[in-house]
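# Inside the fold
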Amino acid sequence: MAKKKGYQKSIRVKLIELLISILVISALIYVFGYTDSNTLKIITGIAFGLFLFGVIIVKFGSPDEPEPKKEDGVTKLVLLDEEGESVKEWFIQGETSLLIGKSSAQNEVDIDLADAEYAALISKQHAVLNQASGNWFIEDIHSKNGTGIKQPNKRDKSKLEIEQPHNVKAGDIIYIANTRLLLK
């Protein structure tokens, strides 16, 4: 039903655009073909030029607005609590490699889970999240308590083999020991 409403709305919008186009063309033909007033012709020409400029901006976007960067849809990692609520977020769009673990004076990681509920189960360097060819991959790097993945369309999570990259997508949940990170 929602698709049908969207389709009907699209047809209405196109019909309105067609009627506006017919009206504008009729007005231009009348002003430039049947009137002798140069002032009216100048004002109509300027108005039509501004109208065309507005249509071009709406259809193709502003020239100084950069094109949004499209990747695989993953833009952030979200630390979830026991109830599945967001506790902390890391924006990862544009990154290529992120080390997940616990930061200390001797060890700095990109995704620091030192203050997570199950931090005691997380290794200092637990896993790495890499992007290659527009896809994200998670890899366990000899952690003590393992790394797992739960895909949204599956019931159970799967445990990763050490140093074996596993493709992940938006909606997947990464388990770092018992700590859950949602890819969004």
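Computed from a predicted structure; not experimentally measured.

## Some details on the overall build of the protein
On a plain count of helices and strands, the protein comes out with 2 helices and 11 strands. Secondary structure elements in the protein, listed N-terminal to C-terminal, are α-α-β-β-β-β-β-β-β-β-β-β-β. A buried classification covers 28% of the 184 residues belonging to the protein. Look at the contacts in the protein between residues 6 or more apart in sequence, and 45% of them connect residues 24 or more apart. Looking at the protein as shown, the accessible area adds up to about 12,800 Å², and 57% of this sits on carbon and sulfur atoms.

## Focus on a nonpolar patch on the surface
A cluster of nonpolar side chains, Ile11, Leu15, Leu18, Leu19 and Ile22, forms an exposed patch at the surface whose accessible area comes to about 470 Å². Turning to its location among the elements, Ile11 is positioned in helix H1 (residues 2-34).

## Some details on the sheet that holds strand E6 (residues 135-140)
Spatially, E4-E3-E5-E6-E9 is the arrangement adopted by the 5 strands of the open sheet, whose pairing is mixed. The sheet is open, and its two edges are formed by strand E4 (111-112) and strand E9 (166-168), each paired on a single side. Bridge count for E6 against E9 is 3 bridges, and the pairing is antiparallel. Residue pairing across strands places Ile138 opposite His166, the latter belonging to E9.

## Looking at the sheet that holds strand E2 (residues 86-91)
Spatially, the 6 strands line up as an open sheet ordered E2-E1-E11-E10-E7-E8, and their pairing is antiparallel. In the strand order of this sheet, the two ends are held by E2 and strand E8 (158-159), each with one partner. Where strand E7 (residues 147-150) lies against E8, 2 bridges are found, and the strand directions are antiparallel. Paired with Ile149 across the two strands is Ser158, which belongs to E8.

## Notes on the side chain of Glu139
Here Glu139 is to be found in strand E6. Despite being buried, Glu139 has no salt bridge partner; Lys159 is the closest side chain of opposite charge, sitting 15 Å away. Apart from residues lying up to four places away in sequence, Glu139 is in contact with Ala127, Val128, Asn130, Glu163, Gln164 and Pro165.

## Overview of the pattern of salt bridges
Any two side chains of opposite charge can pair, given that their charged atoms come close. Applying the stated criterion across every chain yields a total of 1 salt bridge. A salt bridge links Glu89 to Lys76; the nearest nitrogen and oxygen atoms lie 3.3 Å apart. Of this pair, Glu89 sits in strand E2 while Lys76 sits in strand E1 (residues 76-80), placing them 13 residues apart in sequence.

## Comments concerning the UniProt feature "transmembrane region" (unreviewed entry) in the protein
With numbering aligned to this structure, UniProt lists the feature "transmembrane region" (unreviewed entry) at residues 12-33 and 39-60. Across residues 12-33 one finds 100% helix and 0% strand; the C-alpha atoms that close the span lie 31 Å apart. With 100% helix and 0% strand, residues 39-60 has its two end C-alpha atoms placed 32 Å apart.

## Description of a negative patch on the surface
The grouping of Glu82, Glu83, Glu85 and Glu117 at the surface amounts to a negative patch. Locating Glu85 in the fold gives a position in the loop between E1 and E2.

## Some points on the layout of surface pockets
There is about 260 Å³ of room inside the largest pocket. For the lining of the largest pocket, the class distribution of residues is 7 nonpolar, 1 polar and 2 charged. Within this model, the second largest pocket holds a volume of roughly 180 Å³. Along the wall of the second largest pocket there are 13 residues; nearest its centre are Leu79, Leu80, Asp81, Glu117 and Thr179. Looking at the lining of the second largest pocket, the elements that each hand over two or more residues are E1, E2 and strand E11 (179-183). For the lining of the second largest pocket, the per-class residue count stands at 5 nonpolar, 2 polar and 6 charged.

What counts and what doesn't
- Think of each chain on its own: its residues are numbered from 1, step by step along the sequence as written.
- Local features are withheld for residues below a pLDDT of 70 in this predicted model, meaning they are given only at 70 or higher, and side-chain atom pairs are given and counted only at 80 or more; totals for whole chains, interfaces and linings count all residues.
- To get the side-chain values, all heavy atoms of the structure are used, and hydrogens and water are removed first.
- Labels follow the DSSP assignment, with helices taken as runs of H or I lasting at least four residues and strands as runs of E lasting at least two, numbered in each case from the N terminus.
- Residue exposure (1.4 Å probe, protein chains only): buried if accessible area is under 20% of the type maximum, exposed if over 50%, otherwise partly exposed.
- Two residues form a contact once any of their heavy atoms are found within 4.5 Å.
- Computed by Shrake-Rupley with a 1.4 Å probe, the accessible areas treat only the displayed protein chains as cover when residues are assessed.
- Like charges are joined within 9 Å and nonpolar side chains (Val, Leu, Ile, Met, Phe, Trp, Tyr) within 5 Å, but only among residues with over 30% relative accessible area and no salt bridge; these make up the patches.
- We count a salt bridge whenever a side-chain nitrogen from Lys or Arg sits within 4 Å of a carboxyl oxygen from Asp or Glu.
- Only strands that DSSP links by at least two bridges are regarded as paired with each other.
- Neither His nor the chain termini are counted; the positive set is Lys and Arg, and the negative set is Asp and Glu.
- UniProt positions are given in the numbering used here, feature names are shortened, and annotations may be inferred rather than shown by experiment.
- We put the charge of a Lys on NZ, of an Arg on CZ, of an Asp on CG and of a Glu on CD.
- Of the grid points, spaced at 1 Å and generated over the protein atoms alone, those admitting a 1.4 Å probe that cannot get out make up cavities, while open sets with protein on both sides within 12 Å along at least five of seven lines make up pockets; any residue with an atom within 4 Å of a point is treated as lining.
- Grid points are joined across faces, edges and corners, and a volume is the space filled by probe spheres set on the points.
- Residue type decides the class: Asp, Glu, Lys and Arg count as charged, Ala, Val, Leu, Ile, Met, Phe, Trp, Tyr, Cys and Pro as nonpolar, and the leftover types, Gly among them, as polar.

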